Amino acid sequence: MSDYHVLDEATLRQWLASRVSLADRLGGEPGDWRVRDVADGNLNSVFLIDGPAGSLCVKQSLPYVRVAKDDWPLDVERAAFEAAYIRRVAPYVGKLAPALYEFDPVLRTLAMEKLAPHVILRGAFVAGRHFPRVAADIAEYVAQTSVNTSDLAAPFEARAGDLTIFPRNVALQRITIDLVFIDPYKVSARNRILPALEPWAARLREDDEIKRAVAALRLAYLTKAQSLLHGDLHSGSVMATPDDTRVIDGEFAGVGPTGFDVGNFLAHLVIAWFAAPFGPGDAAAFRARLEGDVVAFWRGFRHRFLELALKAEGDGLPTSHFAANDPHRARLLEAYVDDVLRDAVGFLGVELVRRIVGFAQVQDFLSLGDAQTAPKARALSLARALLKEPDAFRDPETLVAALPAHDHAGLDPRATGA
Ligand code: SR1
Ligand code: MG
């Protein structure tokens, strides 16, 4: 790994002092800078630095999974893919992502805009807080990235560039393949299953219909190279204020099925919904806002996708093949985006499953302590319906209507129509 070394507070100051533009942005002398280690994700170290003139966020890839340390070594190259992802989507997403100031390919370190007073969306959800702009902003983000990096808008040459770069992000895509698509459906030492949910875990391993659905989704993830994906678009990858939304953490970037990002974000709205009754505040009002988010995100994504794709000039559906305003082209685009949304329903299902019986659990449920079992079982009940009958969920209103229908599911999958 050449001169790579893990930064601590002292070596971070030295590194910042050696990068003129970063030191200038902070102002003053290294001794004037306030450095805080704020890492709370699964993988990396993250520091916030405040100087007399400005501030920064510095993120470094560690040579292991931060939450598992020596038990789980991990390639540090992910920072390079995150930098490449940020640069690739920046022209389309603008202020919906933080600015990348510098990337150090030796230390695998990114220096970015510090987001303040933004908070991580998942933390807000756990506290019962809701940000009204988020759903529409994430819809815009996913529509922009997915149209503009697909064959609908990107020239073949740009797509070839993406396909040269991002499929090499193998270490992180391996994590997704294992943690999302494989481990939850077999016995794995990495799975974290509450004892009361063992019957559910057994059902996931044994139900042929579910396993067929998951196999199709796994193959779609591996082979359906529609657009550049964020690859980990959950509520921990969104920072927000009431007026501003930013997507962070593109280290899982890859080329894949557009519905993966769509389904992932929907899954974490749904998780917040199932976890909500035990949280602080008025659960019914909070749930109603999340239901509104599901509809706004789904419909906003579909609307913006079509709007952008209709104007786009990629090699996939060139306007030269159609008369001006030919409705046939619009119909082909509608079929395309509806296929994306069908995929999204399945990816929503597998994301729910893996956050409940897999390795990477989420604070929405964990914060409930002893009360997490019942809402997890209810979310699994919905997940099973999504995987077994994706065509029953053709619009967001149907998905929203299904939430209360599964909110009384018991702990035993056999008692819930398995
Ligand atoms: C070992 S990494 C576990 C999870 O954290 C990331 O945020 C991804 O969701 C990954 O699956
Ligand atoms: Mg992350």
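Structure's up top.
From a predicted model like this one, the values you see are computed outputs, not experimental measurements. (Residues numbered from 1 in each chain as written. Chains lettered and ligands numbered in written order. Predicted model: local features only at pLDDT ≥ 70, side-chain atom pairs only at ≥ 80, totals over all residues. Heavy atoms only, no water.)

Draft legend 1. Molecular detail of the sheet that holds strand β2 (residues 45–50). Strand order in the open sheet formed by 5 strands is β1-β2-β3-β7-β6, with antiparallel pairing between adjacent strands. Of all the strands in the sheet, just β1 (34–37) and β6 (100–104) have a single pairing partner and so form its edges. Each neighbouring strand pair of the sheet contributes to a mean axis angle of 20°, computed without reference to strand direction. Sheet topology note: the strand β3 (residues 55–60)/strand β7 (residues 109–112) ladder contains 4 bridges and is antiparallel. Bridging from a neighbouring strand, Q60 pairs with T109 of β7. Here helix α1 (residues 9–18) sits on the sheet and contacts β1, β2, β3, β6 and β7; the angle it forms with β3, its principal contact strand, is near 115°. Across the sheet, helix α3 (residues 78–93) touches β3, β6 and β7, and the angle it forms with β6 is around 150°. (Pairing = 2+ DSSP bridges. Helix = DSSP H or I, 4+ residues; strand = E, 2+ residues; numbered from the N terminus. Axes fitted to C-alpha atoms, helices over the stretch in contact; angles between N-to-C directions. Contact = heavy atoms within 4.5 Å.)

Draft legend 2. Representation of the environment of R190 within the structure. By the secondary structure assignment, R190 is in the loop between α7 (170–182) and α8 (198–206). Since its relative accessible area comes to 28%, R190 is described here as partly exposed. Each C-alpha atom of the pair R190 and G349 lies 20 Å from the other, and the pair is 159 residues apart in sequence. (Buried < 20%, exposed > 50% of the residue type's maximum accessible area, 1.4 Å probe, protein only.)

Draft legend 3. The pairing of β6, seen in detail. Along β6, 4 of the 5 residues are buried, which leaves the element largely enclosed by surrounding structure. Relative to β7, β6 runs antiparallel, the two sharing 4 bridges. When the bridges of β7 are listed, E102 appears paired with A111. Once β6 ends, the chain turns through 4 residues before running back antiparallel as β7, passing R108 with a positive phi of about 50°.

Draft legend 4. The arrangement of the site of ligand 1 in detail. Taken together, 13 residues sit near ligand 1, with N42, D232, H234, R354 and R355 positioned nearest. Note that an oxygen atom of ligand 1 is positioned 2.7 Å from one of the side-chain N or O atoms of D232. Interatomic distance of 3.3 Å between a side-chain N/O atom of H234 and an oxygen atom of ligand 1. Alone, ligand 1 offers 310 Å² of accessible surface; in the complex the protein occludes 95% of this. When contributions to the shell around ligand 1 are tallied by element, the ones reaching two or more residues are α7 and α12 (327–357). When its residues are assigned to classes, the shell around ligand 1 shows 8 nonpolar, 2 polar and 3 charged. Counting contributing residues per domain, the shell around ligand 1 is built from domain 1 (35–112) and domain 2 (119–416), each supplying no fewer than three. (Near = heavy atom within 4 Å. Polar contact = N/O pair within 3.5 Å; in protein donor to acceptor, adjacent residues only side chain to side chain. Areas by Shrake-Rupley, 256 points an atom, 1.4 Å probe, with all protein chains shown as cover. Nonpolar A, V, L, I, M, F, W, Y, C, P; charged D, E, K, R; others polar. Domains from an automatic or database assignment.)

Draft legend 5. Structural view of the sheet that holds strand β10 (residues 238–240). If you walk across this open sheet you meet the 3 strands as β8-β10-β11, and the pairing is antiparallel. Across the chains shown, the open sheet's two edge strands, defined by having one partner strand only, are β8 (119–120) and β11 (245–247). When β8 meets β10, the two strands line up antiparallel, connected through 2 bridges. Its bridge partner being in β10, I120 is matched across the sheet by M239. In the packing of helix α5 (residues 134–148) onto the sheet, the strands contacted are β10 and β11, and the crossing angle to β11 comes to about 40°.

Draft legend 6. Examining the side chain of D232 more closely. Examined against the element boundaries, D232 turns out to sit in the loop between β9 (227–229) and β10. Looking at D232, the relative accessible area reads 11%, which means it is buried. Those residues within four positions of D232 in sequence are excluded, and the remaining contacts are S237, F252, D261, N264, R354 and R355.

Draft legend 7. Layout of the packing of α3 against α5. Two numbers describe how α3 lies on α5: the axes approach to 9 Å, and their chain directions differ by 110°. In terms of orientation, α3 and α5 fall into the roughly perpendicular class. Helix-helix and strand crossings are classified by hand; for α3 and α5 the assignment is right-handed. Residue-level contacts link Y85, R88, V89, Y92 and V93 of α3 to Y141, Q144, T145 and N148 of α5. Along the lines of polarity and charge, the residues of the contact of α3 with α5 split into 5 nonpolar, 3 polar and 1 charged. (Parallel < 35°, antiparallel > 145°, perpendicular 65-115°, else oblique. Left-handed = near helix turned anticlockwise from the far one by under 90°.)

Draft legend 8. Region of the structure containing the nonpolar core. Judged by nonpolar contacts, the single largest core of 97 residues is most densely connected at F301 and L382. Looking at which element gives the most residues to this core, the answer is α12, with 13 residues. Here this core gathers at least three residues from each of two domains, domain 1 (35–112) and domain 2 (119–416). Aside from chain neighbours lying at most four places away, what touches L382 is V270, F274, L352, F393, L399, A402, L403 and H406. Core analysis: the second largest hydrophobic core is formed by 15 residues, L22, L26, I49 and A111 among them. (Core = buried A, V, L, I, M, F, W, Y, C linked by side-chain atoms within 4.5 Å.)

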